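Here's the letter readout for the chains.
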Amino acid sequence: MSGFGRASVGAAMSERRFEWPTLALLVGCYGLWITGTLIWWPVGLVLITLAAALHSSLTHEVLHGHPFRSCFWNAALVFPPLTLVVPYLRFKDTHLAHHREPLLTDPYDDPETNFLDPEVWGQQARWKQTLLQINNTLAGRMLLGPVIGTWAFWKGDWALIRSGDRRVILGWVLHLAGLPFVLAWVAYAGMPIWVFLLGTYASLSILKIRTFLEHRAHEAAPGRSVIIEDRGPLALIFLNNNLHAVHHLHGSVAWYDLPRLYRENKARYVERNAGYVYRSYGEIFRRYFLRAKDPVPHPLWSKD
């Protein structure tokens, strides 16, 4: 914890007995999604989009050990794969690997990086370079990011499955066991499948807003994680993960304690992440909706 925030974190963890905010939000999330599948589809589309995006954030909360101490019961809470494309167990394994701070943005060892090794970048076809450059604008990330990210993830997992990785196979088996429950409910509710798929894709697009600039290339690992001081609807959907540097430093702290930790230690968090701070998501949209923030090849990467 780098010598600061220990008292605040200790207080936050001491309060962890019954995490009713997370459980209440889970109930509300499922209720919102079910309602969306049952009502007039233009309104339902909005509801299932918001609910699926929130469910992904709740899944992130669960893999970090909330609201229960039991990994089994936590996983059971998010068993229905509302966003369809990523198995929970694979999300858990890759995300926890991503939390190894010294490896953040590493083109090979950070599973969630968008940077490429410059040598690999130079070997890409021109059309692919253009596609990835568009994907590095916020508009491109929202429009194309779900397809590009899902394809890269599936391609990597297929290679692991073919190599006999039992952990990856288990993740996909459990995921495929959960999909029929989601699809059966959508069919029962009578929501047109194209509306359901559109809403699911839109939810993934919303999530790309959060991940767009979560990490930057920086010489010092603590300076690679962003702080976005937004307190609006997106912060709720993302469960305060916009305070990303705080989350990376205190990965076991519940989502509703992150704003308090930041308020109590703001100057020191900002010092630690070398001033990588934005005031709101509105600022990010204004700056980067049609303009890339980062290059695709890692600007600080070297073989050494």
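For the structure itself, consult the block above.
A brief report on the enclosed structure follows.

## Side note on a nonpolar patch on the surface
- Taken together, the side chains of Ile 34, Leu 38, Ile 39, Trp 40, Trp 41, Val 43, Leu 183, Ile 193, Trp 194, Leu 197 and Leu 198 define a hydrophobic patch exposed on the protein surface, amounting to about 1100 Å² of accessible area.
- Looking at the nonpolar patch, the elements with two or more residues in it are helix 2 (20-38), helix 3 (41-63) and helix 10 (193-211).
- Assignment of secondary structure puts Leu 197 in helix 10.
- The exposure class assigned to Leu 197 is partly exposed, which follows from its relative accessible area of 45%.

## With respect to the nonpolar core
- Of all hydrophobic cores here, the largest spans 45 residues; its most connected members are Trp 33, Phe 196, Leu 213, Tyr 278 and Ile 284.
- Those elements that place two or more of their residues in this core are helix 2, helix 3, helix 5 (88-98), helix 8 (138-162), helix 9 (166-189), helix 10 and helix 15 (281-288).
- The element that contributes the greatest number of residues to this core is helix 3, accounting for nine residues.
- Beyond its immediate sequence surroundings of up to four residues, Phe 196 is in contact with Trp 33, Ile 48, Leu 84, Val 182, Leu 183, Val 186 and Met 191.
- In terms of nonpolar packing, the next biggest core, distinct from the first, is built from 10 residues, Ala 245, Leu 249, Val 253 and Leu 261 among them.

## So, the environment of Gly 232
- You can see Gly 232 is positioned in the loop between strand 1 (227-228) and helix 11 (233-237).
- Owing to a relative accessible area of 25%, Gly 232 belongs among the partly exposed residues under this scheme.

## Structural notes on the environment of Ile 206
- When you line up the elements, Ile 206 lands in helix 10.
- For the pair formed by Ile 206 and Thr 49, sequence separation is 157 residues and the distance between their alpha carbons is 8.5 Å.
- The contacts of Ile 206, once residues within four sequence positions are left out, are Thr 49, Leu 50, Ala 53, Leu 234, Ile 237 and Phe 238.

## Re the packing of aromatic side chains
- With the rule as written, the count across this model stands at 14 aromatic pairs.
- Taking the centre distance of 6.3 Å and the plane angle of 80 degrees together, the rings of Trp 33 and Phe 196 count as edge-to-face. A residue pair is termed long-range when its members are at least 10 positions apart, and Trp 33 in helix 2 and Phe 196 in helix 10 qualify at 163 residues. Per residue, the accessibility class of Trp 33 equals that of Phe 196, and both read buried.
- A ring pair is formed by Trp 154 and Trp 172, whose centres lie 6.5 Å apart and whose planes are at 70 degrees; its orientation type is edge-to-face. One end of the pair, Trp 154, is in helix 8; the other, Trp 172, is in helix 9, and 18 residues separate them in sequence.
- In this structure Trp 154 comes out as partly exposed when scored by relative accessible area, which is 38%.

Analysis parameters
Residues numbered from 1 in each chain as written. Predicted model: local features only at pLDDT ≥ 70, side-chain atom pairs only at ≥ 80, totals over all residues. Heavy atoms only, no water. Patch = residues over 30% accessible without salt bridge, like charges linked within 9 Å, V, L, I, M, F, W, Y side chains within 5 Å. Areas by Shrake-Rupley, 256 points an atom, 1.4 Å probe, with all protein chains shown as cover. Salt bridge = Lys/Arg side-chain N within 4 Å of Asp/Glu carboxyl O. Helix = DSSP H or I, 4+ residues; strand = E, 2+ residues; numbered from the N terminus. Buried < 20%, exposed > 50% of the residue type's maximum accessible area, 1.4 Å probe, protein only. Core = buried A, V, L, I, M, F, W, Y, C linked by side-chain atoms within 4.5 Å. Contact = heavy atoms within 4.5 Å. Phe/Tyr/Trp six-rings, centres within 6.5 Å; stacked < 30°, edge-to-face > 60°.

Note that all results are geometric; they support no functional claim without further evidence.
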